[in-house]
Amino acid sequence: MTAVGIDAIEIRAGKTRLDLPGTFAERKGEDPEKYTKGLGLHASSFPDVYEDIVTMAANASKRLMDRKGLQPDDIGRIDVATESAFDNSKPVSTYVAGCLEQVYDGDFNHANKGERKFACIAGTQSLNDAYNWISAGRNRGRAALVIATDTALYERNEPGEATQGAGAVAMLVDEDPSLVELSAQQGFGSADETDFLKPNQQFPSVDGKRSMQVYLARMREAMEDFASAEGDVNPEHFAYIPFHTPFPGMVRKAALLGYRNGIRDTDIEDALAEEIGHQPRREAFDDDESYREALSEYADALAKTDRYGEWYDAVIEPTLDISRHVGNWYTGSVHIARVSALKRAADEGRDLVGERLLVGSYGSGAQAEIHAETVCEGWLEEIEALNIDEQLDARYELSFEEYEMTHDAHNHDDEGEYDELTVPSDEFAFDGWGRMGERKYRYVS
Ligand code: CAA
């Protein structure tokens, strides 16, 4: 079977930056270490007044198409994953295609377009849709453009405000990919949950602490399902394990859970037994509560072992490099975690060809998915072509008042006029409203 996977990726960050331990924590009267040590966040990226999910998606896609020498005819499918859509009918992918048609000669008239919704996991679901479309031979030689784009804004003065972010990830899915090959095996953990939702409202209703428990429960189930499909879940068999990253502190918990589950009944568990004993087994306990307590004690001891620490530093920590500086991008978060890890490998001169990644995606509501990927021959060239460091360095630094203004400017219920903080150049920008209430865009040279 032909290899199918991600051929290229481009990332577009919101053009402004909020310093979390500095500007934000100071104004909130909080200890900066809650951000740097607790949540693991240094900054959030925010969209300037003329940026939104469409401009970020279109700007990432244009850079990707230019870099890969693509024309609209080469794309047979455009799927956008987002939980920040502003239209319940017309998909964001049509807006993105409209933007791109302003700057390319051809059009996307024969491309199948859609929009995927399942909170943050929708980006990975779109990737899977593209994989299935190509694997089924329905693509007629064309590639799929998969875009995860979000402005992850919370109501002001809610706990989630600490984890906001904005950005887009555009991925070209194709045969014989240069970056990573996807595998057919998947594991799912899915349940009807009300931990984080937006019932016809822009800002989410969130039960923050519970959302973290739900994330972990679904991820554990997805791992079990993946293992039952004969997927390898041994955490030491993977170069990197990118997880959905609402904030790095969440991944710290997911990684420990994943490692503990993944080493059960392996030589690693036996090797660690001298130091911390074997993992508790349910049958040895009278009730669930005492079993859970024993598991939690084991996990605490495991986290302190050198073996776990070294594994975490090598396999998990590199996936968090970008997230720490941009916050939560919802649908894009797991995809910047992948890029982050590959970028670290490139910076360290590591040869990754043929190595495997285990990818843990998650969406509130709730569902987790686990799949494996294999790094392809062209990965280094693809990763070296990214300009994410330059974008992050060039961001406009927000004062607290400018942050509040930015939040208001992107509040759908706020009809005020706001001044731009940066000047658009060589990019798509929001250009006002059309006669039917549609958003309009123009390419600013
Ligand atoms: N020094 C060091 N650490 C500190 C500290 C300090 N001074 N102050 C606090 N901390 C630690 C806390 O101990 C805590 O860490 P642990 O969980 O390991 O104990 C961490 O920093 C956060 O502190 P709080 O729990 O006090 O923070 P909070 O009450 O403000 O809420 C939150 C945190 C619940 C994550 C909140 O930001 C929130 O609701 N976020 C949105 C929901 C979310 O992201 N959920 C994640 C799972 S759902 C998902 O993944 C989907 C998605 O993208 C939304």
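**Q** Go over the packing of aromatic side chains with me, naming the residues and quoting the values.
**A** Applying the stated criterion across every chain yields a total of 19 aromatic pairs. Geometrically, the ring pair formed by Tyr 259 and Trp 311 is tilted, given 4.6 Å between the ring centres and 50 degrees between the ring planes. Of the two residues, Tyr 259 sits in helix α7 (residues 248-263) while Trp 311 sits in helix α10 (residues 306-316), which places them 52 residues apart along the sequence. Residue classification places Tyr 259 among the buried residues on the basis of a relative accessible area of 0%. On the basis of relative accessible area, Trp 311 is assigned to the buried category, the value being 6%. Considering the side-chain rings of Phe 430 and Trp 433, the 5.4 Å spacing of their centres and the 75 degrees angle between planes classify their relative orientation as edge-to-face. Pairwise contacts between aromatic rings join Phe 24, Tyr 35, Phe 46, Phe 400 and Tyr 403 into one cluster. Stacked on the ring of Tyr 95, the Lys or Arg Lys 90 has its end atom at 4.5 Å from the ring centre. It is Arg 439 that lies over the ring of Phe 86; its NZ or CZ is 5.0 Å from the centre.

**Q** Can you tell me about helix α3 (residues 53-68), naming the residues and giving the values?
**A** The end-to-end C-alpha separation of α3 is 22 Å, in line with the 22 Å expected for 16 residues at 1.5 Å each. Burial analysis of α3 places 12 of its 16 residues in the buried class, which makes it a mostly covered element. Of all the positions in α3, only Ile 53, Val 54, Thr 55, Met 56, Ala 57, Ala 58, Asn 59, Ala 60, Ser 61, Lys 62, Leu 64 and Met 65 are classed as buried. Where α3 is buried, its residues contact β1 (4-13), α4 (92-103), β6 (143-152), β7 (165-175), β14 (427-433) and β15 (439-444). Taking the backbone nitrogen of Val 54 as reference, a side-chain oxygen 2.8 Å away marks Asp 52 as the first, capping residue of α3. Once α3 finishes, Gly 69 follows within two positions and takes phi at roughly 65 degrees, a positive value.

**Q** Kindly report on empty space enclosed by the protein, identifying the contributing residues and their values.
**A** For the coordinates displayed, the defined rule picks out one cavity of 30 Å³ or more. What lines the largest cavity is a set of 13 residues, among which Met 223, Ile 241, Phe 243, Gly 258 and Leu 358 lie closest to the centre. When residues of the lining of the largest cavity are traced back to their parent elements, those giving at least two are α7 and β11 (356-363). Here the residues of the lining of the largest cavity sort into 11 nonpolar, two polar and no charged.

**Q** Account for the sheet that holds β7, naming residues and giving values.
**A** On the basis of which strands lie adjacent, the open sheet formed by eight strands has the order β5-β4-β6-β7-β1-β8-β12-β11 and mixed pairing. In this open sheet, the two strands that pair with only one neighbour each are β5 (112-116) and β11. Put simply, the sheet's adjacent strands are angled 25 degrees from each other on average, direction ignored. Pairing geometry for strand β8 (residues 180-190) and strand β12 (residues 367-375), over eight bridges, is antiparallel. Among the inter-strand pairings, Glu 181 is bridged to a residue of β12, identified as Thr 374. Each of β1, β6 and β7 touches α3; the most contacted strand, β1, lies at about 125 degrees to it. Of the strands in this sheet, β8, β11 and β12 touch helix α6 (residues 208-228), which is tilted by about 120 degrees from β8.

Thresholds applied
- Residues numbered from 1 in each chain as written.
- Predicted model: local features only at pLDDT ≥ 70, side-chain atom pairs only at ≥ 80, totals over all residues.
- Heavy atoms only, no water.
- Phe/Tyr/Trp six-rings, centres within 6.5 Å; stacked < 30°, edge-to-face > 60°.
- Helix = DSSP H or I, 4+ residues; strand = E, 2+ residues; numbered from the N terminus.
- Buried < 20%, exposed > 50% of the residue type's maximum accessible area, 1.4 Å probe, protein only.
- Lys NZ or Arg CZ within 6 Å of the ring centre and 35° of its normal.
- Expected span 1.5 Å × (residues − 1).
- Contact = heavy atoms within 4.5 Å.
- Polar contact = N/O pair within 3.5 Å; in protein donor to acceptor, adjacent residues only side chain to side chain.
- 1 Å grid on protein atoms, 1.4 Å probe; cavity = no way out; pocket = protein on both sides within 12 Å on 5 of 7 lines; lining within 4 Å.
- Points joined across faces, edges and corners; volume = space filled by probe spheres on them.
- Nonpolar A, V, L, I, M, F, W, Y, C, P; charged D, E, K, R; others polar.
- Pairing = 2+ DSSP bridges.
- Axes fitted to C-alpha atoms, helices over the stretch in contact; angles between N-to-C directions.

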